Amino acid sequence: ESLILTEMKRYTESIDLLNHQIDGKPETAAEDSAVYLLLSNVQLQSGEAKAAEVSAKKAIELNPDDPEGSIQLSAVYHAQRRYDESEKILKDLIRRDPQHATALNNYGYFLLERGVRFDEAFGMIEKAVSFEPVNGSFLDTLGWAHFKLGRLEKARETLEKAMYYSRRNPAIHEHLGDVLRDLGRINEARRLWEKALEYSFETEEIARIKVKLKGIR
């Protein structure tokens, strides 16, 4: 139900619902940790980065053996532009588990978004995809890397493959729209951005897509 409310952009109700699901008993620590992870994600999507940080840290505290808490905290730190702290978390995860595909993918994606160390980013993303070749999110990151490196046709091909495996992912729609725009296929780009807007429930992402749509009307 919380995920449905989030998709409807009813963040406050989603957060309230998740808070009520936290038991607070030692024997339910792992379950509470999972709720805090969801809570942190919703808070981050709604623009409440500080609250998202608190929830992610609580998830780690309750279940320190689950790497998902660290993955979420690194994403929060990246959103807060605390890049060194975000990188440190991901480096530690990769050092402990060199095949941690999500850590590799996220590390590479965060570098791409910052516009730094493209070669390092590309290598990490390729590793992530080699471990999980049908993961739509990882293929999206690889396609976005090709785009950042100016390989438009390779980017288009990879992002279309990503969409096959993850049809309602707003990031894939937005990224493929960006590629098609640069290939001069404006009408197709518009349709993809409109779909991205339909599927997205992140405040910052929604604002960014609206700017793109306004720019071609």
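Preceding this section is the structure that the text describes.
**Q** How do you make sense of the overall build of the chain when you look at a structure like this?
**A** When you go through the chain residue by residue, the secondary structure sums to 13 helices and 0 strands. Shown N-terminal to C-terminal, the secondary structure of the chain runs as helices and strands in the order α-α-α-α-α-α-α-α-α-α-α-α-α. A compact globule built from 217 residues would reach a C-alpha radius of gyration of about 17 Å, and the chain, at 18 Å, matches this within 12%. With the principal axes as the frame, the chain shows a C-alpha extent of 55 × 40 × 30 Å. For the chain, with 217 residues in total, the buried portion stands at 47%. In the chain, the share of contacts with a sequence separation of at least 24, taken over all contacts with a separation of at least 6, comes to 46%. For the chain, the accessible surface area stands at approximately 11,300 Å², while carbon and sulfur atoms represent 51% of it. Treating the 32 positive side-chain charges of the chain as one cloud and the 37 negative ones as another, the clouds have centres 6 Å apart.

**Q** Honestly, a nonpolar patch on the surface in this entry has me stumped. Any pointers?
**A** Together, Val-134, Tyr-164 and Tyr-165 line one region of the surface with nonpolar side chains, adding up to about 330 Å² of accessible area. The residue Tyr-164 is located in helix H10 (residues 152–165) in this model. We classify Tyr-164 as exposed; its relative accessible area is 53%.

**Q** Help me understand helix H13 (residues 203–215), please; the structure alone is not making it clear to me.
**A** The periodicity of an α-helix, 3.6 residues per turn, causes residues three or four positions apart to be oriented the same way. In a regular helix each residue adds 1.5 Å, so 13 residues correspond to 18 Å; H13 covers 19 Å between its end C-alpha atoms and thus fits that length. Residues of H13 that are buried: Glu-205, Ile-206, Ile-209, Lys-212 and Leu-213. Along H13, the residues classed as buried sweep out an arc of 125 degrees about the axis, all on the same side. Facing away from the buried side of H13 by more than 90 degrees, the exposed set consists of Glu-204, Val-211, Lys-214 and Gly-215. As for H13, its buried residues are in contact with helix H11 (170–182) and helix H12 (186–199).

**Q** Help me understand the environment of Thr-28 in this model?
**A** Positionally, Thr-28 belongs in the loop between helix H2 (11–20) and helix H3 (29–45). By relative accessible area, which is 15% here, Thr-28 ends up buried. The sequence separation of Thr-28 and Arg-82 amounts to 54 residues, and the corresponding C-alpha distance is 32 Å.

**Q** Which parts of the structure should I look at to understand the pattern of salt bridges?
**A** When their charged atoms lie close together, side chains carrying opposite charge are able to pair. Under the definition given, this model contains 21 salt bridges. Note that Lys-91 and Glu-87 form a salt bridge whose closest N and O atoms lie 3.9 Å from each other. Of this pair, Lys-91 and Glu-87 both sit in helix H6 (residues 83–96), 4 residues apart, which is roughly one turn of that helix. Note that Glu-174 is salt-bridged to Arg-208, the shortest N-O span being 2.7 Å. Here Glu-174, found in helix H11, pairs with Arg-208, found in helix H13; they are 34 residues apart in sequence, far enough to count as distant. Owing to a relative accessible area of 2%, Glu-174 belongs among the buried residues under this scheme. Each member of the salt-bridge network shares a partner with another, and the members are Glu-174, Asp-178, Arg-181, Asp-182, Arg-208 and Lys-212.

**Q** How should I be thinking about the packing of aromatic side chains in this particular structure?
**A** The geometry of an aromatic ring pair comes down to the distance between the two centres and the angle between the two planes. Under the criterion given, the structure shown has 2 aromatic pairs. An angle of 15 degrees between the planes, with centres 4.7 Å apart, marks the rings of Trp-144 and Phe-147 as stacked. Note that Trp-144 and Phe-147 are positioned in helix H9 (residues 136–148) at a spacing of 3 residues, about one turn of the helix. Side by side, Trp-144 and Phe-147 carry an identical accessibility label, which is buried. Seen from the ring of Phe-122, Arg-151 lies directly overhead, with NZ or CZ sitting 5.1 Å from the centre.

**Q** When you look at the nonpolar core in this model, what are you seeing that I'm missing?
**A** Across soluble globular proteins, nonpolar side chains show a tendency to be buried alongside one another. In this structure, Leu-90, Leu-93, Ala-103, Tyr-107, Leu-112 and Leu-176 are the most contacted members of the largest nonpolar core, which totals 42 residues. For this core, the leading source of residues is helix H7 (residues 101–114), giving 7 residues. Among residues more than four places away in sequence, those in contact with Ala-103 are Ile-71, Leu-90, Leu-93 and Ile-94.

Reading guide: rules and limits
Residues numbered from 1 in each chain as written. Predicted model: local features only at pLDDT ≥ 70, side-chain atom pairs only at ≥ 80, totals over all residues. Heavy atoms only, no water. Helix = DSSP H or I, 4+ residues; strand = E, 2+ residues; numbered from the N terminus. Rg over C-alpha atoms; globule rule 2.2 N^0.38 Å. Buried < 20%, exposed > 50% of the residue type's maximum accessible area, 1.4 Å probe, protein only. Contact = heavy atoms within 4.5 Å. Areas by Shrake-Rupley, 256 points an atom, 1.4 Å probe, with all protein chains shown as cover. Lys, Arg positive; Asp, Glu negative; His and termini not counted. Charge placed at Lys NZ, Arg CZ, Asp CG, Glu CD. Patch = residues over 30% accessible without salt bridge, like charges linked within 9 Å, V, L, I, M, F, W, Y side chains within 5 Å. Salt bridge = Lys/Arg side-chain N within 4 Å of Asp/Glu carboxyl O. Expected span 1.5 Å × (residues − 1). Arc of directions from axis to C-beta. Phe/Tyr/Trp six-rings, centres within 6.5 Å; stacked < 30°, edge-to-face > 60°. Lys NZ or Arg CZ within 6 Å of the ring centre and 35° of its normal. Core = buried A, V, L, I, M, F, W, Y, C linked by side-chain atoms within 4.5 Å.

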